[in-house]
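This is what each chain is made of:
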Amino acid sequence: MVLFLTGHYPIVHVFCNSVDSTSTSRSDRSAHAAKTPYAMSSDNVSTSTEFSPELRVAKDVTYICPYIGALRGTLTVTNYRLFFRCMDREPAFVLDLPLGVVSRVEKIGGASSRGEVSYGLVCKDIRNLRFAHKQMEDSLRKSIFEILMKFAFPVSNGLPIFAFEYGQVYPENGWKVYDAQAEYKRQGIPNESWRITKVNDHYEVCDTYPSNLVVPVNIPDEELKRVAAFRAKGRIPVLSWIHPESQATVTRCSQPMVGVNGKRSKDDEKYLQAIMDANAQSHKLFIFDARPSVNAAANKMKGGGYESEDAYQNAELVFLDIHNIHVMRESLRKLKEVVYPNIEESHWLSNLESTHWLEHIKLILAGALRIADKVESGKTSVVVHCSDGWDRTAQLTSLAMLMLDGHYRTIRGFQVLLEKEWLSFGHRFQLRIGHGDKNHTDADRSPVFLQFIDCVWQITRQFPAAFEFNEYFLVTILDHMYSCLFGTFMCNSEQQRVKEELPKKTVSLWAYINSQLEEFTNPLYVNYSNHVLFPVVSMRHLELWVGYYIRWNPRMRPQEPVHQRYKELLAKRAELQKRVEELQRDVTNRSASSTERAGSPTRSITPVQTFV
Amino acid sequence: MQTDLKKTPQPPIKKLEAKLLPGEIVVNEVSFVRKCIGADSSHGDLWGKLICTNFKVSFITHDALPKQRFQVANRLLGEHDVPLACVEQVVTVNDAKGKQKVLCSNQKLKFNPTELILYCKDFRIIRFRFDEAGPQSAKKVCLAIAHYSQPADPQLLFGFEYIGKQYYGSLGEQVNGVDPGGGLQMPLFDRPSEWDREIKRTGAAEWRVCSINEGYVVSPSLPEYFVVPVSLADQDLKQYLCFFTAHRIPLWCWNHPNGSALVRMASISDPLQQRKLDQRICSAITKSHPQRSDVLKSDLDKNLPNIQDIQAAFVKVRQICVIEPFEESEEKWLSSMESSRWLEYVRAFLKHSAEVVYLLEGKHVSVILQEEEDRDLSCVVSSLVQLMLDPHFRSLTGFQSLVQKEWVMAGHRFLHRCNHLKKNDKEESPLFQLFLDCVWQIINQYPAAFEFTETYLTVLSDSMWIPVFSTFLFNCPQQRTENSMDFAKSKCIPMGEEKALRFPPVWDWSQQFTPKDQALFNNPMYVGKGATCVQNGTVKSFRRTKKNYSSTLRGMPSSLRNILMDGHDSLTLSRRNSLVPRLKPDFSQIREVVESPTERFFRDWVSRPADLQGMLIPQLLPSHLALWRLYFLRWVPEASIPKGGPVTAYHKLSQLADEVEKLQSQLRQYKGATPASTTTSTPSAPQSDHSRMYFKAGSTHESSSTPEYLSSSFPFSPVGNMCRRSILGTPLSKFLNGAKIWLSTETLANEAL
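Residues numbered from 1 in each chain as written. Chains lettered and ligands numbered in written order. Predicted model: local features only at pLDDT ≥ 70, side-chain atom pairs only at ≥ 80, totals over all residues. Heavy atoms only, no water.

1. Here's the deal with the overall build of chain A
Step number 1: Secondary structure assignment for chain A yields 20 helices and 14 strands.
Step number 2: Split into buried and exposed, the 612 residues of chain A put 66% on the buried side.
Step number 3: Accessible area for chain A stands at about 21400 Å²; split by element, carbon and sulfur atoms hold 49% of it. (Helix = DSSP H or I, 4+ residues; strand = E, 2+ residues; numbered from the N terminus. Buried < 20%, exposed > 50% of the residue type's maximum accessible area, 1.4 Å probe, protein only. Areas by Shrake-Rupley, 256 points an atom, 1.4 Å probe, with all protein chains shown as cover.)

This is the structure in structure tokens:
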């Protein structure tokens, strides 16, 4: 009997290792490395929230691996995970995935003459899994299928998401990583031009915004409400980031409700003027509309639109040509076809091109680069919006901030960035990911956040020493966005999270990550102060993130050799330093008389600062 | 810059004068020339004198580059110099008349050029303006460059004058440090003892050095000494010779520790003899195998692209990378890359080599690489196979000896493939560059497995265009001897006992670079013999044990071994017959899993942690092959990442490795020091010039932050090296407002310089 856990640290560790580059679970072949602590099979966990009365163990199931072929073994389904183990192979083949990654479960074909039945799992993490087994007398297929349907989609079945049952205790409360006031204080806010308003304390002005909002000092709360009336969903322009020297700002909002008749709002115009005035360095304001201009214009039909340059005198409007969530979803679907399970050898690059995935990545990065450049080099404040201001806008502001502010390139800083620009400003994770929801065709689903993480990865490739975190950190965030083990990515807004009492009832992903920072640290990190990153946004440098999209392919060797080697050198240095110090002590002891000696050996070496 | 090469120190140069090497003469020059620096404006352009010598196009200026970016200096060349051999195309332009002409040797030019554009073999595009220059002198210089960059005869390549000059000096003495091979700690494979040592090193007991080609009497394209099976007597070989294309009989390349041999040979020209000869050769090779294993033949011509295909791919990839306007090629970048087929060919060679590796390592059989003439594709494949199997060749000297053995001595036609004489257009083919790209792909995947860096590979390829090195000047060793003799005779150079002029091999890197700059070749991550690794937190030493180095099959169950040996995957077959087909209609994405033994072998190897001192197989998924950006994009300003690129990681690693080295040397000094002599022998700061690392630890401000001058082009600089004409004449504003140019004017202005 395979026992599962939680509440037990080593097991969690094992499970979380499933994406570890050094461990095996990263791909189907993963289970082959003996190194992984497959504590799973050991009966070391007694009690567990993971169990349910409906836990299902099915023997003699065939997993049809697209790489190795059919594997026979035991399939176990709990309320958290699917676990398949094939003992025929040496070492044993193990497949272990959280049910949260399952997007859809489908029965494949009817019962054949031989009585074999099969079903397929389409996963959010690029994989598709196929199982088959003999039709049992007790109609096992049905029951396994039903169990899967039940626990992979708890929301559709009126069950709690597993994060609410996960009881692991970590040394740190990850929900405390982000404190809006502290973050604004770090940015020097409030100051003479910007204040923190409490107008949205009860989410009354805007229910998708956080309670803490930073606005120009000279705009009273009453006016804010009138501005909210002119902005889609009440998402008024608020400060995301301020340049520590020039005071140029990045502000975000939703589209103005211009409509077909070109409606104007004096309050909104005054408000944007106030944002511009808050920056003495520039007499201009750039409005970056993330959308293609055609889409922005089309939004007028629905009451939305964009700022006319007549109404906003000193503003310059720029369209960034980034497509909407539906285009992105389609692009990822095509990408999945191209990379999973196998790559067609002859037309790899043109196939990749035809998915447009990298092209979208490029447009997003290019937009963020233009924003960062305007703020840094142009010392000009910018306003960023798309339609609602929670998808493309979040991508753009957070990427621009990542380029502009080295703090966000640390592990904790990045957590703050996600908490702030994505979670508190209402990126609708629940809708975009569809946690626990069986409605896999929901048009609200879209890989917006995945694109953002992909963009971050692209920047880390160009600046390998500028980020405190490594690739594994990014993969872990994505994996747990789907896994539903942590509460971090639950719900659609701060208001909902407060209402659901997520901080009380669930564990934050940051609690887990911060309990083993070593795993997620880039040893090459150099903390350059005030270093703005200007990545080269060109197809010449963008590449497909094989470590994420192609990680299931057993022909891919997961590795971070550069980092590994750096750590080895660090260990070597520590060992040598110790030996030199010992010898030095020896020498000093033996020749205590020669005190006139200048300089001791260790002083001749200035240790390089290390970050491990 | 070249002071080390001068016999007498020159007084500081006031006038603009060419700095000349021994044997170098000025052909023509023109003053008041403007060298274009930025792509989009004349801002920052340099004024000076343009000189054509018999070696290079030289631009001498008192002006400094407006904002100096790091550029590694070459001792043989000035900052703005281009060797004539590096000039691919000479284009003259007259703006007013709207005329443009590609100049060839001995041509007339009917207009006065206002502009000269040099398209270089190393992908640079360099532009000079003659607005203020004397029109006639400008024209003359352009014609001279066109003429001298297309020498009619190999002996007109500068290397002959350069080396010949030394013989006029004091005979037998080393002049200007030119000492071919001397002082180099590596074999050049031009003498039997070096082959003997290689036989011993690889344990090829049943192989011997053969000297029937001494004096090149039996084959002009073979080396004088090569290795053959012991069972083949000289008499036999002489008998077989005439049946092989160009008399190129089988040459031994390398022995696997399991006894399997890698052999290369030309095709058998006489079809009647084919079978008999094949049999004899194979049986001789089998006899040389301790287990008497079989011999498999790999026909390279059938399985790989030919030299024209490769040349066409190279031309296309260059077109995309450097000639086409940056933004225009951006849109269809991936499909353009694909249609160039360059990466496809790189992959084809890697894949073919990996399959040979499987035969040698997995099937324990000897392999013959067969190619029509055995002088092109074989060079690439045999070198790659050896790199994958033998860690010795991943060290710097090992790699150099590999190139020496499989390329230079094996008679790769460098003269023709490089097209040094510009009259062998059909023969031009970048086989060696393709090989370097393949090596780079493996380095990219296993960055700690090689002692050298991608900078080394890039610099090595650039050296092909400096025509003084024996390595790249000739089609075969015999040609070097013949040309040396002719040249010596015509110039009355006393050769004494020597068979050939002492051209330095490119491996004598002090010819080109200071010891400090040579440190750019050293990979701080290299896990060589005795290097340490950390496993589970404890430091361990790498030991190259016979066990983990050789067969990976030893530990496998015999059933599996049989499967591999049979060449049939019985597991796959049974699987195919049972489950999958019936499921197939339902599983649109499931394809039949038919894994070849080779694939299984690779997958099996990939599933274990890589032993960097053992066999290395590159990942061959097309998604895992990348564009070698340093090589292809280093001059492209738009593609250069300021303060970024892989070099920022290299910088950090280099400093740490340097620190480790310093500590080690400190330890050694402590151990050497007796307690009594502490006052004198107390280690002080270790001599920094002994460090192998380019970036030193603890040096002033550099210690932790990334130096400003680092960019993804490091140690090269795009400044002034990539002036595409197409951008010129486009108003700056239009350039900037283009929908896909992202940076503001301010930033661009800073970056462009």
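Picking up where we left off.
2. Some words on the overall build of chain B
Step number 1: The helix and strand inventory of chain B stands at 28 helices and 16 strands.
Step number 2: Burial statistics for chain B: of 753 residues in total, 61% are counted as buried.
Step number 3: Look at the contacts in chain B between residues 6 or more apart in sequence, and 72% of them connect residues 24 or more apart.
Step number 4: Taken as a whole, chain B presents about 29200 Å² of accessible surface, with 52% of it coming from carbon and sulfur. (Contact = heavy atoms within 4.5 Å.)

3. Thoughts on helix H4 (residues 234-241) of chain B
Residue and element names in this part refer to chain B.
Step number 1: All of the buried residues along H4 are Leu237, Tyr240 and Leu241. One face of H4 carries all of its buried residues, which in axial projection span an arc of 105°.
Step number 2: Against the buried residues of H4 lie strand E9 (207-210), strand E10 (226-229) and helix H5 (274-287). (Arc of directions from axis to C-beta.)

4. Some details on the confidence of the model for chain B
Step number 1: In this model, chain B carries a mean pLDDT of 83, and residues with pLDDT of at least 70 account for 79%.
Step number 2: Taken together, the stretch residues 171-178 of chain B has pLDDT below 50 and engages in 17 contacts with residues farther than four places along the chain or on a different chain. (pLDDT = per-residue confidence, 0-100.)

5. A closer look at the confidence of the model for chain A
All names here are of chain A.
Step number 1: Per-residue pLDDT for chain A averages 86, and the proportion of residues at 70 or more is 84%.
Step number 2: Predicted confidence for residues 1-47 stays below pLDDT 50, and this span has 130 contacts to residues more than four positions away or in other chains.
Step number 3: For the stretch residues 596-612, pLDDT sits under 50, and the model shows 42 contacts to residues farther than four places along the chain or on other chains.

6. Here's the deal with the sheet that holds strand E5 (residues 87-94) of chain B
Residues and elements named next belong to chain B.
Step number 1: Taken in spatial order, the eight strands make up an open sheet running E4-E3-E2-E1-E8-E7-E5-E6, and their pairing is antiparallel. Across the chains shown, the open sheet's two edge strands, defined by having one partner strand only, are strand E4 (82-83) and strand E6 (99-103).
Step number 2: Pairing of strand E3 (residues 56-61) with E4 involves two bridges; the strand directions are antiparallel. Its bridge partner being in E4, Lys56 is matched across the sheet by Pro83.
Step number 3: Sheet contacts for helix H1 (residues 135-148): strand E1 (26-35), strand E2 (46-53), E3, E5, E6 and strand E7 (115-120); angle to E1, the most-contacted strand, approximately 120°. (Pairing = 2+ DSSP bridges. Axes fitted to C-alpha atoms, helices over the stretch in contact; angles between N-to-C directions.)

7. Observations concerning unusual backbone geometry
Step number 1: In the segment running from Ile189 of chain A into Pro190 of chain A, the intervening peptide bond is cis, with an omega of 5°.
Step number 2: Here Pro190 of chain A lies in the loop between helix H3 (180-186) and strand E8 (194-197).
Step number 3: A cis amide bond links Phe714 of chain B to the next residue, Pro715 of chain B, at an omega of 5°.
Step number 4: Relative to the helices and strands, Pro715 of chain B resides in the loop between helix H26 (678-681) and helix H27 (732-737).
Step number 5: Notably, Ala246 of chain B is not glycine yet its phi reads approximately 55°, a positive angle.
Step number 6: Position of Ala246 of chain B relative to the elements: it lies in the loop between H4 and strand E11 (251-255).
Step number 7: Not every positive phi belongs to a glycine, and Lys643 of chain B is a case in point at roughly 55°.
Step number 8: In this structure, Lys643 of chain B sits in the loop between helix H24 (629-633) and helix H25 (646-672).

8. A word on the environment of Glu708 of chain B
Step number 1: By the element assignment, Glu708 of chain B lies in the loop between H26 and H27.
Step number 2: Put simply, Glu708 of chain B and Lys662 of chain B are 46 residues apart on the chain and 25 Å apart in space, counted from C-alpha to C-alpha.

9. Focus: the sheet that holds strand E12 (residues 261-266) of chain B
Residues and elements named next belong to chain B.
Step number 1: As summarised here, the arrangement of the four strands in space is E11-E12-E14-E13, forming an open sheet in which the pairing is mixed. The sheet is open, and its two edges are formed by E11 and strand E13 (295-299), each paired on a single side. The sheet shows a mean angle of 25° between the axes of neighbouring strands, taken without regard to direction.
Step number 2: The strands that helix H11 (residues 377-389) touches are E11, E12 and strand E14 (366-371); relative to E12, the one it contacts most, it runs at about 175°.

10. Some points on the side chain of His435 of chain A
Step number 1: Here His435 of chain A is to be found in the loop between helix H12 (429-434) and helix H13 (448-462).
Step number 2: Setting aside residues up to four positions removed in sequence, His435 of chain A forms contacts with Lys124, Val155, Ile161, Phe429, Gln430, Met481, Cys484, Phe489 and Met490 of chain A.

11. Overview of the packing of aromatic side chains
Step number 1: Counted under the stated rule, the structure contains 80 aromatic pairs over all chains.
Step number 2: Summarising the aromatic geometry, the rings of Phe414 of chain A and Phe473 of chain A are spaced 5.7 Å apart at their centres and angled 65° between planes, so their arrangement reads as edge-to-face. In this pair, Phe414 of chain A is assigned in helix H11 (residues 411-424) and Phe473 of chain A in helix H14 (residues 471-483), connecting sequence segments 59 residues apart.
Step number 3: For Phe414 of chain A, a relative accessible area of 0% gives the class buried.
Step number 4: Here Phe473 of chain A falls in the buried class, since its relative accessible area comes to 0%.
Step number 5: Between Phe123 of chain B and Phe314 of chain B, the ring centres sit 5.6 Å apart and the planes meet at 50°, which makes this aromatic pair tilted. Of this pair, Phe123 of chain B sits in the loop between E7 and strand E8 (125-129) while Phe314 of chain B sits in helix H7 (residues 307-323), and the two are 191 residues apart along the sequence. (Phe/Tyr/Trp six-rings, centres within 6.5 Å; stacked < 30°, edge-to-face > 60°.)

12. Some points on the environment of Ala92 of chain A
Step number 1: Tracing the chain through its elements places Ala92 of chain A in the loop between strand E3 (81-86) and strand E4 (93-98).
Step number 2: Along the sequence, Ala92 of chain A and Gly73 of chain A sit 19 residues apart, while their C-alpha atoms lie 9.7 Å from each other.

13. A closer look at helix H17 (residues 477-490) of chain B
Because each turn of an α-helix spans 3.6 residues, side chains separated by three or four positions end up pointing in the same direction.
All names here are of chain B.
Step number 1: For H17, with 14 residues, the first-to-last C-alpha span of 20 Å sits near the 20 Å given by 1.5 Å per residue.
Step number 2: Turning to H17, its buried residues are Pro477, Gln478, Gln479, Thr481, Asn483, Ser484, Phe487 and Ala488.
Step number 3: The first or second residue beyond H17 is Cys492, which carries a positive phi of 55°. (Expected span 1.5 Å × (residues − 1).)

14. Focus: the nonpolar core
Step number 1: Counting residues in each nonpolar core, the largest one holds 368 residues, and the members touching the most others are Phe414 and Tyr549 of chain A.
Step number 2: Residues contacting Phe414 of chain A, with those up to four places away along its chain left out, are Leu402, His407, Tyr408, Phe452, Ile453, Val456, Phe469, Phe473, Leu474 and Ile477 of chain A. (Core = buried A, V, L, I, M, F, W, Y, C linked by side-chain atoms within 4.5 Å.)

15. Things to note about the pairing of strand E2 (residues 69-77) of chain A
Residue and element names in this part refer to chain A.
Step number 1: Where strand E1 (residues 56-65) meets E2, eight bridges bridge the pair, whose relative direction is antiparallel. Looking across to E2, one finds that Thr62 is bridged to Arg72.
Step number 2: Between the antiparallel neighbours E1 and E2 lie three residues.
Step number 3: Where E2 hands over to E3, the hairpin turn is made up of three residues, counted between the paired strands.

16. Some points on the pattern of salt bridges
Step number 1: Tallied over the entire structure, the rule returns 73 salt bridges over all chains.
Step number 2: Residues Lys504 of chain A and Glu501 of chain A are paired through a salt bridge, measuring 3.0 Å at the closest nitrogen-oxygen approach.
Step number 3: Of the residues examined, Lys504 of chain A reaches a relative accessible area of 67% and is grouped as exposed.
Step number 4: Overall, the relative accessible area of 30% leaves Glu501 of chain A in the partly exposed class.
Step number 5: Taking the shortest distance from any N to any O, the salt bridge between Lys643 of chain B and Glu708 of chain B comes out at 3.5 Å. Of the two residues, Lys643 of chain B is situated in the loop between H24 and H25 and Glu708 of chain B in the loop between H26 and H27; the sequence distance between them amounts to 65 residues.
Step number 6: Judged by its relative accessible area of 58%, Glu708 of chain B is exposed.
Step number 7: Each of Arg34, Asp45, Asp95, Glu115, Arg127, Arg129 and Asp131 of chain B takes part in a single network of salt bridges with overlapping partners. (Salt bridge = Lys/Arg side-chain N within 4 Å of Asp/Glu carboxyl O.)

17. Focus on the environment of Cys379 of chain B
Residues and elements named next belong to chain B.
Step number 1: Of note, Cys379 is situated in helix H11.
Step number 2: Under the relative-accessibility criterion, Cys379 is labelled buried at 0%.
Step number 3: Counting along the chain gives 187 residues from Cys379 to Pro192, while the straight-line C-alpha distance between them is 21 Å.
Step number 4: In contact with Cys379, other than residues within four places in its own chain, are Arg264, Glu406, Trp407 and His412.

18. Focus: the state of the cysteines
Step number 1: The tally for this structure, following the rule as stated, stands at zero disulfides over all chains.
Step number 2: Summary of cysteine pairing: Cys206 of chain A is not part of a disulfide, and the nearest cysteine sulfur, belonging to Cys253 of chain A, is at 11 Å.
Step number 3: Here Cys379 of chain B is not disulfide-linked; the sulfur of Cys253 of chain B is the nearest cysteine sulfur, at 9.1 Å. (Disulfide = S-S within 2.5 Å.)

19. Topic: the side chain of Ser463 of chain B
Residue and element names in this part refer to chain B.
Step number 1: Among the secondary structure elements, Ser463 is positioned in helix H15 (residues 454-463).
Step number 2: Overall, the relative accessible area of 1% leaves Ser463 in the buried class.
Step number 3: Among residues more than four places away in sequence, those in contact with Ser463 are Phe469, Phe472, Val506, Trp509 and Gln512.

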